[in-house]
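Observations on the three-dimensional arrangement
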Amino acid sequence: MWPINGASKAKRIKWGAVQNQISWVYMKMLREGNKTLKVYDVNPYVEVYRFYDNLYGLFNQNLDGAGDVWMWLVIGPKKAMVIDTACGLGDLKGLVDEITENMPLVVVNTHGHSDHARGNSQFGTVYCYETLLPKLKEQDEHIWDKYFDEKGNPLWLEFDRNDIPPFKKYEIVGVPDGYVFNLGGDYDVELIFTGGHTNEHVMFLDKKGRFLFAGDNVCSDVTGCGNGGGKYANLSTFSKALTKLVERINEYDYIFPGHFMVNLENHLMFSLLETVNAVINDPNCYDYKITHISGGGGPGRVRMHKFIRGFSTIAYTESGVYVPDEPTI
Ligand SMILES: [Fe+2]
(Lines give C-alpha, C1' and ligand atoms only; values in the text may rest on other atoms or scores of the structure.)
Protein backbone atom coordinates (compact mmCIF):
# COMPACT_ATOMS: atom_id res chain seq x y z
CA MET A 1 0.00 0.00 0.00
CA TRP A 2 1.30 3.49 -0.77
CA PRO A 3 2.04 5.55 2.32
CA ILE A 4 -0.56 7.71 4.00
CA ASN A 5 0.79 11.05 5.15
CA GLY A 6 -0.32 10.58 8.75
CA ALA A 7 0.53 12.78 11.72
CA SER A 8 2.02 10.06 13.94
CA LYS A 9 5.72 10.12 14.74
CA ALA A 10 6.10 6.47 13.67
CA LYS A 11 6.60 5.53 10.04
CA ARG A 12 5.58 2.31 8.32
CA ILE A 13 8.40 -0.02 7.21
CA LYS A 14 6.27 -2.73 5.61
CA TRP A 15 2.80 -4.29 5.68
CA GLY A 16 1.67 -7.89 5.91
CA ALA A 17 -1.37 -8.65 3.73
CA VAL A 18 -2.49 -6.14 1.12
CA GLN A 19 -5.36 -4.12 2.52
CA ASN A 20 -8.79 -3.39 1.12
CA GLN A 21 -8.65 -0.54 -1.43
CA ILE A 22 -11.84 1.20 -0.35
CA SER A 23 -10.82 1.14 3.30
CA TRP A 24 -7.40 2.43 2.33
CA VAL A 25 -8.85 5.44 0.49
CA TYR A 26 -11.16 6.14 3.46
CA MET A 27 -8.18 6.09 5.84
CA LYS A 28 -6.13 8.27 3.49
CA MET A 29 -8.88 10.89 3.30
CA LEU A 30 -9.51 10.76 7.04
CA ARG A 31 -5.88 10.92 8.12
CA GLU A 32 -4.83 13.54 5.60
CA GLY A 33 -7.92 15.73 5.70
CA ASN A 34 -10.05 15.41 8.83
CA LYS A 35 -10.42 18.78 10.53
CA THR A 36 -10.74 17.37 14.06
CA LEU A 37 -7.35 15.61 13.93
CA LYS A 38 -5.03 16.55 16.76
CA VAL A 39 -1.75 15.09 18.01
CA TYR A 40 -0.84 15.85 21.61
CA ASP A 41 2.77 16.40 22.73
CA VAL A 42 2.32 13.82 25.49
CA ASN A 43 1.93 11.06 22.89
CA PRO A 44 3.18 11.87 19.37
CA TYR A 45 2.22 8.38 18.14
CA VAL A 46 -1.55 8.72 18.44
CA GLU A 47 -3.81 10.62 16.06
CA VAL A 48 -6.85 11.87 17.98
CA TYR A 49 -10.13 12.36 16.08
CA ARG A 50 -13.31 13.76 17.59
CA PHE A 51 -16.22 11.96 15.96
CA TYR A 52 -18.93 13.25 18.31
CA ASP A 53 -18.93 15.68 21.22
CA ASN A 54 -18.27 12.88 23.70
CA LEU A 55 -16.57 10.31 21.44
CA TYR A 56 -12.91 10.37 20.46
CA GLY A 57 -11.15 7.88 18.21
CA LEU A 58 -7.50 7.35 19.15
CA PHE A 59 -5.78 6.00 16.05
CA ASN A 60 -2.65 3.92 16.65
CA GLN A 61 -0.41 2.31 14.09
CA ASN A 62 -0.12 -1.44 14.50
CA LEU A 63 3.35 -2.47 15.64
CA ASP A 64 3.21 -5.45 13.28
CA GLY A 65 2.14 -5.68 9.64
CA ALA A 66 -1.61 -6.00 10.23
CA GLY A 67 -4.15 -3.16 10.07
CA ASP A 68 -3.81 -0.04 12.22
CA VAL A 69 -5.97 0.16 15.29
CA TRP A 70 -8.65 2.30 16.92
CA MET A 71 -8.97 2.87 20.64
CA TRP A 72 -12.23 4.54 21.67
CA LEU A 73 -12.67 7.17 24.36
CA VAL A 74 -16.23 7.84 25.56
CA ILE A 75 -16.76 10.80 27.86
CA GLY A 76 -19.59 10.22 30.35
CA PRO A 77 -20.93 12.66 32.94
CA LYS A 78 -18.67 11.39 35.74
CA LYS A 79 -16.29 8.85 34.18
CA ALA A 80 -14.66 8.24 30.83
CA MET A 81 -14.40 4.83 29.18
CA VAL A 82 -11.37 3.63 27.22
CA ILE A 83 -12.23 0.77 24.86
CA ASP A 84 -9.07 -1.17 23.98
CA THR A 85 -5.49 -0.06 24.52
CA ALA A 86 -3.86 -0.90 21.16
CA CYS A 87 -0.18 -1.92 21.15
CA GLY A 88 0.85 0.31 24.06
CA LEU A 89 3.00 2.73 22.08
CA GLY A 90 3.61 6.09 23.78
CA ASP A 91 1.99 7.49 26.89
CA LEU A 92 -1.64 6.44 26.45
CA LYS A 93 -2.69 7.16 30.02
CA GLY A 94 -1.18 10.65 29.86
CA LEU A 95 -2.96 11.31 26.58
CA VAL A 96 -6.34 10.16 27.89
CA ASP A 97 -5.86 12.18 31.08
CA GLU A 98 -5.12 15.30 29.05
CA ILE A 99 -8.17 14.88 26.81
CA THR A 100 -10.51 14.11 29.72
CA GLU A 101 -8.87 16.58 32.13
CA ASN A 102 -8.19 13.72 34.53
CA MET A 103 -11.61 12.11 34.70
CA PRO A 104 -11.82 8.73 36.46
CA LEU A 105 -11.43 5.98 33.86
CA VAL A 106 -13.07 2.66 33.08
CA VAL A 107 -10.73 0.72 30.78
CA VAL A 108 -12.09 -2.30 28.91
CA ASN A 109 -10.98 -4.76 26.20
CA THR A 110 -13.04 -6.12 23.30
CA HIS A 111 -10.63 -9.06 23.09
CA GLY A 112 -7.09 -9.98 24.00
CA HIS A 113 -5.24 -9.77 20.71
CA SER A 114 -1.91 -8.01 20.79
CA ASP A 115 -3.12 -5.00 18.82
CA HIS A 116 -5.94 -4.33 21.31
CA ALA A 117 -4.62 -5.11 24.77
CA ARG A 118 -0.89 -4.38 24.91
CA GLY A 119 -1.41 -0.93 26.39
CA ASN A 120 -3.38 -2.34 29.35
CA SER A 121 -0.42 -2.17 31.66
CA GLN A 122 -0.40 1.63 31.54
CA PHE A 123 -3.75 1.71 33.33
CA GLY A 124 -4.19 0.56 36.91
CA THR A 125 -7.26 -1.59 36.29
CA VAL A 126 -8.73 -3.19 33.16
CA TYR A 127 -12.16 -4.83 32.84
CA CYS A 128 -12.74 -7.70 30.44
CA TYR A 129 -15.12 -10.55 29.73
CA GLU A 130 -14.62 -13.16 32.43
CA THR A 131 -13.04 -15.82 30.19
CA LEU A 132 -10.40 -13.40 28.89
CA LEU A 133 -8.95 -12.80 32.34
CA PRO A 134 -6.51 -15.76 32.43
CA LYS A 135 -5.11 -14.81 29.01
CA LEU A 136 -4.48 -11.21 30.03
CA LYS A 137 -2.75 -12.48 33.17
CA GLU A 138 -0.11 -14.08 30.92
CA GLN A 139 1.12 -10.67 29.73
CA ASP A 140 4.64 -9.74 30.81
CA GLU A 141 7.54 -7.48 29.78
CA HIS A 142 8.23 -9.65 26.69
CA ILE A 143 4.95 -8.83 24.91
CA TRP A 144 6.74 -6.43 22.56
CA ASP A 145 9.74 -8.64 21.70
CA LYS A 146 8.17 -10.01 18.52
CA TYR A 147 8.19 -6.59 16.89
CA PHE A 148 12.02 -6.44 16.79
CA ASP A 149 14.80 -8.38 15.11
CA GLU A 150 17.70 -9.90 17.04
CA LYS A 151 19.59 -6.59 16.86
CA GLY A 152 16.66 -4.75 18.41
CA ASN A 153 15.55 -3.01 15.21
CA PRO A 154 11.79 -2.72 14.61
CA LEU A 155 10.53 -5.07 11.90
CA TRP A 156 7.29 -3.47 10.81
CA LEU A 157 7.01 0.08 12.12
CA GLU A 158 9.80 2.59 12.72
CA PHE A 159 9.54 3.81 16.32
CA ASP A 160 11.67 4.19 19.41
CA ARG A 161 11.35 1.24 21.80
CA ASN A 162 12.05 3.61 24.68
CA ASP A 163 8.69 5.22 23.93
CA ILE A 164 6.88 2.10 25.14
CA PRO A 165 6.27 2.60 28.86
CA PRO A 166 7.72 -0.36 30.81
CA PHE A 167 5.33 -3.22 31.54
CA LYS A 168 3.90 -3.32 35.02
CA LYS A 169 1.41 -5.73 36.52
CA TYR A 170 -2.12 -4.33 36.67
CA GLU A 171 -5.46 -5.35 38.13
CA ILE A 172 -7.70 -7.34 35.76
CA VAL A 173 -11.40 -7.65 36.55
CA GLY A 174 -13.51 -10.22 34.68
CA VAL A 175 -17.23 -9.44 34.29
CA PRO A 176 -20.11 -11.48 32.84
CA ASP A 177 -22.13 -11.05 29.66
CA GLY A 178 -24.62 -8.20 30.08
CA TYR A 179 -22.55 -6.36 32.68
CA VAL A 180 -23.35 -2.64 32.70
CA PHE A 181 -20.74 0.04 33.32
CA ASN A 182 -22.17 3.33 34.55
CA LEU A 183 -20.30 6.48 33.52
CA GLY A 184 -22.47 8.73 35.69
CA GLY A 185 -26.20 9.60 35.68
CA ASP A 186 -28.07 7.54 33.10
CA TYR A 187 -24.97 6.93 30.95
CA ASP A 188 -24.69 3.15 30.72
CA VAL A 189 -22.46 0.96 28.55
CA GLU A 190 -23.21 -2.77 28.32
CA LEU A 191 -20.74 -5.55 27.64
CA ILE A 192 -22.20 -8.02 25.12
CA PHE A 193 -20.54 -11.39 24.50
CA THR A 194 -20.25 -12.23 20.81
CA GLY A 195 -17.45 -14.75 20.29
CA GLY A 196 -16.69 -15.01 16.58
CA HIS A 197 -13.35 -13.33 15.97
CA THR A 198 -11.99 -14.86 19.18
CA ASN A 199 -13.30 -17.18 21.87
CA GLU A 200 -13.69 -14.31 24.37
CA HIS A 201 -14.72 -11.49 22.05
CA VAL A 202 -17.24 -8.91 23.27
CA MET A 203 -18.77 -5.69 22.00
CA PHE A 204 -19.77 -2.64 24.02
CA LEU A 205 -23.17 -1.01 23.61
CA ASP A 206 -23.17 2.65 24.60
CA LYS A 207 -26.88 3.04 25.31
CA LYS A 208 -26.77 6.80 25.79
CA GLY A 209 -24.58 7.68 22.80
CA ARG A 210 -26.30 4.90 20.80
CA PHE A 211 -22.95 3.58 19.59
CA LEU A 212 -21.90 -0.05 19.20
CA PHE A 213 -18.17 -0.69 19.66
CA ALA A 214 -17.67 -3.85 17.65
CA GLY A 215 -13.98 -4.70 18.08
CA ASP A 216 -12.77 -7.01 15.32
CA ASN A 217 -16.14 -8.60 14.63
CA VAL A 218 -16.96 -5.88 12.10
CA CYS A 219 -14.18 -4.79 9.75
CA SER A 220 -14.23 -3.02 6.40
CA ASP A 221 -10.98 -4.75 5.44
CA VAL A 222 -11.66 -8.38 6.34
CA THR A 223 -13.98 -9.54 9.12
CA GLY A 224 -12.03 -12.55 10.33
CA CYS A 225 -13.88 -15.21 12.28
CA GLY A 226 -12.48 -18.14 14.19
CA ASN A 227 -9.04 -16.86 15.16
CA GLY A 228 -7.29 -18.47 18.08
CA GLY A 229 -9.49 -21.52 18.55
CA GLY A 230 -11.77 -22.26 21.49
CA LYS A 231 -15.43 -23.18 21.60
CA TYR A 232 -16.84 -19.78 20.66
CA ALA A 233 -14.48 -18.53 17.94
CA ASN A 234 -16.79 -19.56 15.13
CA LEU A 235 -19.57 -18.32 12.88
CA SER A 236 -22.35 -20.25 14.64
CA THR A 237 -21.65 -18.49 17.94
CA PHE A 238 -21.31 -15.18 16.13
CA SER A 239 -24.63 -15.73 14.35
CA LYS A 240 -26.43 -16.13 17.68
CA ALA A 241 -24.88 -12.91 18.96
CA LEU A 242 -25.68 -11.07 15.72
CA THR A 243 -29.28 -12.25 15.86
CA LYS A 244 -29.64 -10.64 19.29
CA LEU A 245 -27.88 -7.48 18.11
CA VAL A 246 -30.25 -7.24 15.13
CA GLU A 247 -33.20 -7.63 17.53
CA ARG A 248 -31.74 -4.69 19.48
CA ILE A 249 -31.03 -2.55 16.41
CA ASN A 250 -33.18 0.28 17.79
CA GLU A 251 -30.70 0.72 20.64
CA TYR A 252 -27.79 1.96 18.49
CA ASP A 253 -27.29 4.07 15.39
CA TYR A 254 -23.61 3.80 14.56
CA ILE A 255 -20.97 1.08 14.72
CA PHE A 256 -17.35 1.77 15.67
CA PRO A 257 -15.03 -1.17 14.92
CA GLY A 258 -11.41 -1.67 15.99
CA HIS A 259 -9.91 -1.15 12.53
CA PHE A 260 -10.44 0.87 9.34
CA MET A 261 -13.84 2.45 8.55
CA VAL A 262 -15.91 3.68 11.46
CA ASN A 263 -19.23 5.43 12.06
CA LEU A 264 -20.96 2.70 10.05
CA GLU A 265 -24.74 2.67 10.00
CA ASN A 266 -26.53 0.11 12.15
CA HIS A 267 -28.29 -1.68 9.28
CA LEU A 268 -24.96 -3.17 8.27
CA MET A 269 -25.74 -5.76 10.95
CA PHE A 270 -28.51 -7.24 8.75
CA SER A 271 -26.06 -7.81 5.88
CA LEU A 272 -23.48 -9.25 8.23
CA LEU A 273 -25.98 -11.70 9.74
CA GLU A 274 -27.23 -12.67 6.28
CA THR A 275 -23.68 -13.49 5.18
CA VAL A 276 -22.78 -15.41 8.32
CA ASN A 277 -25.96 -17.50 8.06
CA ALA A 278 -25.33 -18.22 4.38
CA VAL A 279 -21.95 -19.73 5.28
CA ILE A 280 -23.45 -21.75 8.15
CA ASN A 281 -26.01 -23.16 5.72
CA ASP A 282 -23.33 -23.98 3.14
CA PRO A 283 -19.67 -23.54 4.11
CA ASN A 284 -18.72 -24.00 0.44
CA CYS A 285 -20.64 -20.93 -0.71
CA TYR A 286 -17.56 -18.71 -0.44
CA ASP A 287 -16.57 -16.28 -3.20
CA TYR A 288 -12.84 -16.91 -3.10
CA LYS A 289 -10.08 -18.61 -1.12
CA ILE A 290 -6.79 -17.00 -0.24
CA THR A 291 -3.62 -17.70 1.73
CA HIS A 292 -3.07 -14.75 4.04
CA ILE A 293 0.38 -13.55 4.95
CA SER A 294 0.54 -13.41 8.71
CA GLY A 295 0.93 -9.88 10.09
CA GLY A 296 3.26 -11.27 12.73
CA GLY A 297 5.45 -12.98 10.15
CA GLY A 298 4.27 -16.57 10.84
CA PRO A 299 3.02 -19.08 8.31
CA GLY A 300 0.07 -18.03 6.17
CA ARG A 301 -3.45 -19.39 6.68
CA VAL A 302 -5.87 -20.49 3.99
CA ARG A 303 -9.18 -18.73 4.51
CA MET A 304 -12.44 -18.67 2.61
CA HIS A 305 -13.96 -15.26 1.92
CA LYS A 306 -17.60 -14.43 1.34
CA PHE A 307 -18.71 -10.94 0.38
CA ILE A 308 -20.87 -9.03 2.85
CA ARG A 309 -23.32 -7.09 0.69
CA GLY A 310 -22.19 -3.47 0.31
CA PHE A 311 -19.27 -3.91 2.70
CA SER A 312 -16.21 -6.16 2.98
CA THR A 313 -15.82 -9.92 3.33
CA ILE A 314 -16.21 -12.41 6.11
CA ALA A 315 -13.18 -14.72 6.24
CA TYR A 316 -13.37 -18.13 7.86
CA THR A 317 -11.63 -21.45 8.05
CA GLU A 318 -13.12 -24.91 7.81
CA SER A 319 -12.89 -25.33 11.57
CA GLY A 320 -14.34 -21.88 12.23
CA VAL A 321 -17.92 -22.43 11.08
CA TYR A 322 -19.56 -24.61 13.71
CA VAL A 323 -19.30 -24.96 17.49
CA PRO A 324 -16.86 -27.85 18.13
CA ASP A 325 -18.54 -31.07 19.27
CA GLU A 326 -22.05 -29.78 18.61
CA PRO A 327 -24.26 -31.22 15.88
CA THR A 328 -24.33 -29.11 12.70
CA ILE A 329 -27.46 -28.26 10.76
FE1 LIG B 1 -7.32 -6.40 15.63
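Above: the structure in question.
Read on for an overview of the structure. This is a predicted model, so every value here is computed, not measured.

Some thoughts on the overall build of the protein
Counting its regular elements, the protein contains six helices and 19 strands. Radius of gyration (C-alpha) of the protein: 19 Å, near the 20 Å computed for a compact globule of 329 residues. Counting the 329 residues in the protein, one finds 46% classified as buried.

Comments concerning the sheet that holds strand E16 (residues 264–265)
Strand order across the open sheet formed by six strands is E10-E11-E12-E13-E15-E16, with mixed pairing between neighbours. Every other strand in the sheet has two partners, leaving strand E10 (180–182) and E16 as the edge strands with one partner each. One ladder, built from four bridges, connects strand E13 (residues 211–215) with strand E15 (residues 254–257); its direction is parallel. Within E15, the position partnered with leucine 212 by the bridge is isoleucine 255.

Structural notes on the environment of histidine 259
Looking at where histidine 259 falls in the secondary structure, it is placed in the loop between E15 and E16. For the pair histidine 259 and serine 220, spaced 39 residues apart in sequence, the C-alpha separation works out to 7.7 Å.

A look at the pairing of strand E3 (residues 55–60)
Of all six residues in E3, six are buried; the element is thus mostly enclosed. Because side chains alternate across E3, one face comprises the buried residues Leu55, Gly57 and Phe59, and the other comprises Tyr56, Leu58 and Asn60, equally buried. Counting the residues that bridge the hairpin from strand E2 (residues 46–52) to E3 gives two residues. Relative to strand E4 (residues 69–75), E3 is paired through six bridges, and the arrangement is antiparallel. Each bridged residue has a counterpart across the sheet, and for phenylalanine 59 the counterpart in E4 is tryptophan 70.

So, how was this worked out
Residues numbered from 1 in each chain as written. Predicted model: local features only at pLDDT ≥ 70, side-chain atom pairs only at ≥ 80, totals over all residues. Helix = DSSP H or I, 4+ residues; strand = E, 2+ residues; numbered from the N terminus. Rg over C-alpha atoms; globule rule 2.2 N^0.38 Å. Buried ≥ 20, exposed ≤ 12 C-beta atoms within 10 Å, placed from the backbone. Pairing = 2+ DSSP bridges.

Just geometry here; none of it tells us what the structure is for.
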